[in-house]
Structure formats: C-alpha cells, structure tokens
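Here's the letter readout for the chains.
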Amino acid sequence: MTFSALIPTKNRPDDLVGTIASLLAQTVLPIELLVVDQGRDDSAERAVRALFDANGTVVKLRYFRTPEIRGLLEAREFAVRHAQGEILLFLDDDIELEPDYAAQLLALYRDDPKLTGAAGVITNYRPPAWTYLFWRTIFCRGVFRDERPALHWQAFGRTPDQARNLPPVPVSVLGGAQMSFRAAALRGYHCLDIRPGCPRGEDISYCVGLGPQARFLITPRARLCHHRSQSGSDRSRWRLAERDGIRGFRAACWPHNFAAWCAGEWLRLGYCLPEIAACALAAFALVIYWPVLTGLVGQWYSDPNYGHGFLVAPLAVYLLWRSRHRWRRQPLRPSPAGAAIMILAAAMLVFGRLAAELFFARISLLVGLAGVIVLFAGWRRLRAWAFPFGFLFLMIPLPAVIYYQITFPLQLVASRLASCGLDLLQIPALREGNTIMLPNYTMSVADACSGIRSLFSLITLAVGYSYFTESRLRIRALLVICMVPIAIFANAMRILGTGVLTYDFGPRYAEGFFHAFSGWLIFVVSLGLLLVLHAALRRRWRTPRPIARPVALAATMKPEHI
C-alpha cells in the first residue's frame, strides 16, 4: 500500500524543513512528497531541495510554488489533484512525526478495508482549564460532539509504550494537522463546494463533506508534536474558526432533523454564553449603580467645575473605536482574577455608601468595569484599552477633602501673582490672603476664581489633544504636566485684567457679563499657549531624518566621485 504526503506551506522555511526531516526518517516512506508553497520567494524551496540532496532519499519530491493560491483549503485541493498514492497524508508544515507514525496509519488501512480516514494524536497539547472542559461537556452534544481534543489531552505526557496499549478510537472528524484519507474517497469530491471561499474550518472540511457514512479512526499509537509556528498564525481566530467550522460545516452536511437542530441551537447558545453573561452582568451592575450614576450626572450638570464630565465618556468610547485595529489583534484570555477585582469593587461600593463617601462609590464603578474586562477578555485586552479606560477617571469628581486642599493654595497663588502684576503696573493694591483691595473696589478670589475649574477642563483637554496629535510619550507627558502652570498663570492674568479694568472703568467690570466673558477668553488663551508649547516641543525634539542607505548613496554618486 503506497501513500503520498501533502504539505501546504507559506513563508515558514525553517518549520517546513523540520517537518520534512521527520517525514524522511519514517520506517515506511511515501512514494512522493507534494509541497504546495504559497510564498513568493524561493527560500523554502531551496532549503527543501538542499535537504533532499543531502539525504539521498528515494522519495520523489514534487514542489509547486503557487502564490496565486489563497488559503490552506485550496492548497490541499491542488495537492489532491496531483497526488498518485493510494493513501493521502495531509501534514501541516510545523509538526514533528515519531518514526513509526506512517506505519501505524497504514496498518489501520490494511486491517479495515472500509476505513475512510485515519489520524494520530498530538502529544504536546496541554489540557485546558476546567472551565473549558465543563463548557464542552455541557454544550457539545449530539452530532456536534468532538472526540479529538480529549484524545490529544490524554496523550499529553504519555510515553509511546503506554500509548501502544490504547486501541483506535472511532471519531466523526479528524485533525487537519495530520489527517489521512483513501485517495479513492476523495476522487471527484471537492470540499470547496461546501462553502465557496470559506477562510476557516479547513481542519474538518473533508470529513464533514464525505458525510456521516464515512468511517474515521484516531490511533494513539501514531504520535506527533504540533509546534504551532508563530509565523503567519493568528491565535485570536482559533476559537472563531472552531465555532464557524463545527457549526457551519456540520449543519450543511449532516442530516437535518429535529435532534440535530436542537444540538446546533444548544451549541450556538454555548458560544454566545460569554456575551449573554456579560449582558446579564451589565444589567445587574446598572441596577446596583443607578443611584451612583444619577448622582454623578447630576453633579456634572450642577457643578461647573466638572461640566467636562459629559464629554469624557463619549471621547473614551471614540478612542476605543479609533484603536480597534490594534486591540482586536490581542487574543481573548479570560482570567478568573476579574472576579476578585469585581468583589473588590463591590466592597468599595458598600464602603462608599455606608460612609457617605461618593468618591469611593464612583471609583468602584471603574474598578468593577476593569474586573469585567479581565474576567471576559483577559489582562492583555485591559492593557490594550489602558488609555481609553484611564481617561474615564477624569470624569470622577475629587473628594471634598482633596478639592479644598487644592483650591485654597490656588487662590493664594492667583492672588499673589495678580497683586504683583498690579504693583508692576503702578496700580495701588493691598493683598490680604485671597483678597485684593483696590481704591474703588475690593476683589475676593473665591473658590470659583481659584482656577480649579479651568484646571480640570484644561487637563482633560490636554490629555485628549496630546493623544490625537502626538505619538511620543515624553511630549505627551510634558503637555499634560505643563497645563497646570499654564492654567494657574492664565487665571492670574484674568484676575489682573479684572483689577485693571475695575481700577480704570469702575466696579461693574468685575461682575456680570465681563466676569464670565473673561473666563472664556482665558480658556481660549490657555488653549493657544498649549498649541504654542506643543510646537516648541516638536521643534526641540524634532525627529531626525533617516540616513540614506549606502546603496541609495552609491546610486546618486557620479563616476568621478568614485
């Protein structure tokens, strides 16, 4: 009985050479090896031909470099059309076979003439967490039951001698990394007809397309290691591929009956379980935090110091959406540590409500949100969302103790700077604390005039502005830090201007429209100073131009310069 080995590959020359080396070390060799290379360079082909020349094997090498082929499924279909063996062995390009792997598979075909396909076990697949095992036991029922993972997990850590005592196991689907079929079963059958252009589910496409009458076995005596090369792989899509493959292909090929429909809908519910749990948890959190949220929005509306809170949450959502192409590449790794963070948030909420401390109750909302992200998406996704998530803290009002500890020093600093300015302009003024006495009016720098209102708004503006316009971290940090002295200086200039107008034109310029207008004017001035500071920092730390490469320099040189 002869067999052909078929290996699709793309841009993995080192992994491919290791796979072929283990294939050429088999006790039973294939009559031919078909390699379908979808890469555009010939590095892999040169490495493979060098291996064959050094090995001196009798195996015939048929190397096809076809960049026009897209996807693993099309590459396998191409190889099937050119293979000549009685048994077709599909191999990934990042595996390592034990020496008797092919011999064990061929023994199954000789013993059972009706066998359609066979495969071995992967010995380096670790068993997953108990939560995933529990999920599989509950939701993968009926025709959607998958026997493969359990076999691989049982083989993990077992020696070959222990595995040889285990009998072959009937399965409904084989593993794509090392499945094999009788060539006669695949003649005239095209798995691409199931779902044309489908980019996922190649591992089970042949098995489900052959229908439920096909017979497949996995023998624990045939063993290999699947190294899962990092080149060209996207681990974040594996779970999505499993979902689409099992549900889509089997639903298309298995008999349509009520039991299969119930099993499919039950599996669909299982795959949607994280979203369902997240929605239920969000609804429960909304009920619990409703008094906190209404109080927070009410303070934004009534307290001018925190009016910018209405813009923080929408801007954070926009920042999250704007960076979606970056964080979507992060794999979802749910962590049970999120539950501990949510318990901490609940404790903070209870403490804040009992102690009448709104700050703890409001901060617990963000801590609980972080716990939800870690629980359902993992720490990597939380790190990817670090900036939009941290931006939300700017919408939380400071505790009253900290607020007044900041406000009074700002009042004194603004009063002192304004008084010094009046002295320089030779305007008679006497300062006592936060009160400036002029000949015709006494100005009191109240809490609202301390600059705390513009300070909060300008810091929020500086954080958003630096994120959108600057990529260097040090310039971002300087822009945010420098907004504190800019806000203090601008507020002092506002008090100074009010004092000058009051001294020259009367007390009416210290109140009413002119007082409110000066606040908006100073805010615009502060924004202008921010832009000027950013331009100065860019000029100071200008990105150096890249040095021309020697080849480019040589191309521009004239012959007399050489």
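Fair warning: this is a prediction, and the values are worked out from it, not measured in the lab.

Draft legend 1. Up close: the overall build of the protein. Within the protein, the secondary structure is distributed over 23 helices and 12 strands. Residues counted as buried form 44% of the 562 residues belonging to the protein. Put simply, of all contacts in the protein between residues at least 6 apart along the chain, 81% involve residues at least 24 apart. By element, 64% of the accessible surface of the protein is carried by carbon and sulfur atoms, the whole surface being about 29700 Å².

Draft legend 2. Representation of the nonpolar core in the model. Residues Leu 16, Ile 20, Leu 33 and Phe 52 are the most contacted members of the largest nonpolar core, which totals 43 residues. Top contributing element to this core by residue count: helix 4 (residues 101-111), with six residues. Setting aside residues up to four positions removed in sequence, Ile 20 forms contacts with Ile 7, Leu 33, Val 35, Val 48, Leu 51 and Phe 52. Membership of the second largest hydrophobic core comes to 33 residues, among which are Tyr 289, Val 292, Leu 382 and Ala 384.

Draft legend 3. Examining the environment of Ala 150 more closely. Looking at the element boundaries, Ala 150 is found in helix 6 (residues 148-155). We classify Ala 150 as partly exposed; its relative accessible area is 32%. As a C-alpha pair, Ala 150 and Val 121 span 29 residues in sequence and 9.9 Å in three-dimensional space.

Draft legend 4. How the structure looks around a nonpolar patch on the surface. A surface patch of nonpolar side chains, amounting to about 630 Å² of accessible area, comprises Trp 130, Phe 134, Ile 138, Trp 266, Leu 269 and Ile 276. Only helix 5 (130-139) and helix 11 (258-271) provide two or more residues apiece to the nonpolar patch. Along the polypeptide, Ile 276 turns up in helix 12 (residues 273-302). We classify Ile 276 as partly exposed; its relative accessible area is 39%.

Draft legend 5. Region of interest: the pairing of strand 4 (residues 87-90). Taking every second residue as pointing to the same face, both faces of strand 4 are buried, with Ile 87 and Leu 89 on one and Leu 88 and Phe 90 on the other. Alignment of strand 1 (residues 3-9) against strand 4, held across four bridges, turns out to be parallel. Opposite Ala 5, over in strand 4, you have Leu 89 as the bridge partner. One ladder, built from three bridges, connects strand 4 with strand 8 (residues 180-182); its direction is antiparallel. In the sheet register, Leu 88 faces strand 8, and the bridge partner there is Phe 181.

Draft legend 6. Broad picture of the pairing of strand 3 (residues 60-65). Bridge analysis of strand 2 (residues 32-37) against strand 3 gives six bridges, and the strand direction is parallel. Bridge pairing links Val 36 to Phe 64 in strand 3. On the question of chirality, the crossover connecting strand 2 to the parallel strand 3 by way of helix 2 (residues 43-55) is right-handed.

Draft legend 7. Structural context of the packing of aromatic side chains. The tally for this structure, following the rule as stated, stands at 16 aromatic pairs. Consider the rings of Tyr 132 and Trp 135, whose centres lie 5.9 Å apart with planes at 15 degrees: the pair is stacked. Taken together, the positions of Tyr 132 and Trp 135, both in helix 5 and three residues apart, correspond to about one turn of that helix. Grouping residues by exposure puts Tyr 132 and Trp 135 together as buried. Aromatic ring contacts, followed pair by pair, group Tyr 318, Trp 321, Phe 387, Phe 391, Tyr 467 and Phe 468 into a single cluster. Against the face of Trp 321 rests Arg 324, its NZ or CZ located 4.0 Å from the ring centre.

Draft legend 8. Here's a closer look at the packing of helix 11 against helix 12. Direction vectors running N to C along helix 11 and helix 12 enclose 55 degrees, while the axes themselves pass 4 Å from each other. By the criterion of interaxial angle, the relationship of helix 11 to helix 12 is oblique. Taken together, the residues of helix 12 that come into contact with helix 11 (itself represented by Leu 269, Gly 270 and Tyr 271) are Leu 273, Pro 274, Glu 275 and Ile 276. Per-class residue counts for the contact of helix 11 with helix 12 are five nonpolar, one polar and one charged.

Draft legend 9. Main features of unusual backbone geometry. You will see that Asn 11, though not glycine, has its phi angle at about 60 degrees, which is positive. Along the polypeptide, Asn 11 turns up in the loop between strand 1 and helix 1 (13-24).

Draft legend 10. Spotlight on the side chain of Gln 104. Assignment of secondary structure puts Gln 104 in helix 4. Gln 104 has contacts with Arg 164, Arg 221 and Ala 222, leaving out every residue within four places of it along the chain.

Draft legend 11. Spotlight on helix 16 (residues 358-376). Along its 19 residues, helix 16 runs 28 Å from first to last C-alpha, staying within 8% of the 27 Å computed at 1.5 Å per residue. When helix 16 is considered as a whole, its buried residues turn out to be Ala 361, Arg 362, Ile 363, Ser 364, Leu 366, Val 367, Gly 368, Ala 370, Gly 371, Ile 373 and Val 374. Directly after helix 16, the chain includes Gly 378, whose backbone phi takes a positive value near 105 degrees.

Draft legend 12. Up close: helix 1. Across its 12 residues, helix 1 extends 16 Å between first and last C-alpha, which sits within 8% of the 16 Å expected from 1.5 Å per residue. Those residues of helix 1 not exposed but buried are Leu 16, Thr 19, Ile 20, Ser 22, Leu 23 and Leu 24. Considering only its buried residues, helix 1 is in contact with strand 1, strand 2, helix 2, strand 3 and strand 5 (95-97).

Draft legend 13. Here's a closer look at the pattern of salt bridges. For the structure on display, the rule yields 10 salt bridges. Two residues, Asp 42 and Arg 46, come together in a salt bridge whose shortest N-O distance is 3.4 Å. Given the relative accessible area of 32%, Asp 42 is considered partly exposed. Judged by relative accessible area, Arg 46 falls into the exposed class, the value being 52%.

Draft legend 14. Representation of the side chain of Thr 219 within the structure. Of note, Thr 219 is situated in strand 9 (residues 216-226). With residues near it in sequence (within four places) discarded, Thr 219 still touches Leu 105, Leu 108, Ala 119, Gly 120, Val 121 and Pro 168.

Draft legend 15. Up close: the packing of helix 15 (residues 337-354) against helix 16. As a packed pair, helix 15 and helix 16 sit with axes 8 Å apart at the nearest point and diverge in direction by 170 degrees. Considered as vectors, helix 15 and helix 16 are oriented roughly antiparallel to each other. Residues Ala 337, Gly 338, Ala 339, Ile 341, Met 342, Ala 345, Met 348, Leu 349, Phe 351, Gly 352 and Arg 353 of helix 15 form the contact with helix 16, whose own contacting residues are Phe 360, Ala 361, Ile 363, Ser 364, Val 367, Gly 368, Ala 370, Gly 371, Val 372, Val 374 and Leu 375. Looking at the contact of helix 15 with helix 16, its residues break down into 16 nonpolar, five polar and one charged.

Draft legend 16. Representation of the environment of Leu 398 in the model. As for its placement among the helices and strands, Leu 398 is situated in the loop between helix 18 (386-391) and helix 19 (400-424). Among all residues touching Leu 398, those that are not within four sequence positions of it are Tyr 306, Phe 359, Ile 406 and Phe 456.

Draft legend 17. Inspection of the state of the cysteines at higher detail. With the rule as written, the count across this model stands at zero disulfides. A disulfide-free cysteine, Cys 272 has its sulfur positioned 10.0 Å from the sulfur of Cys 279, the nearest such atom. Judged by relative accessible area, which is 34%, Cys 272 ranks as partly exposed.

Reading the values: rules and limits
Residues numbered from 1 in each chain as written. Predicted model: local features only at pLDDT ≥ 70, side-chain atom pairs only at ≥ 80, totals over all residues. Heavy atoms only, no water. Helix = DSSP H or I, 4+ residues; strand = E, 2+ residues; numbered from the N terminus. Buried < 20%, exposed > 50% of the residue type's maximum accessible area, 1.4 Å probe, protein only. Contact = heavy atoms within 4.5 Å. Areas by Shrake-Rupley, 256 points an atom, 1.4 Å probe, with all protein chains shown as cover. Core = buried A, V, L, I, M, F, W, Y, C linked by side-chain atoms within 4.5 Å. Patch = residues over 30% accessible without salt bridge, like charges linked within 9 Å, V, L, I, M, F, W, Y side chains within 5 Å. Salt bridge = Lys/Arg side-chain N within 4 Å of Asp/Glu carboxyl O. Pairing = 2+ DSSP bridges. Right-handed = clockwise from strand over helix to strand, strands pointing away. Phe/Tyr/Trp six-rings, centres within 6.5 Å; stacked < 30°, edge-to-face > 60°. Lys NZ or Arg CZ within 6 Å of the ring centre and 35° of its normal. Axes fitted to C-alpha atoms, helices over the stretch in contact; angles between N-to-C directions. Parallel < 35°, antiparallel > 145°, perpendicular 65-115°, else oblique. Nonpolar A, V, L, I, M, F, W, Y, C, P; charged D, E, K, R; others polar. Expected span 1.5 Å × (residues − 1). Disulfide = S-S within 2.5 Å.

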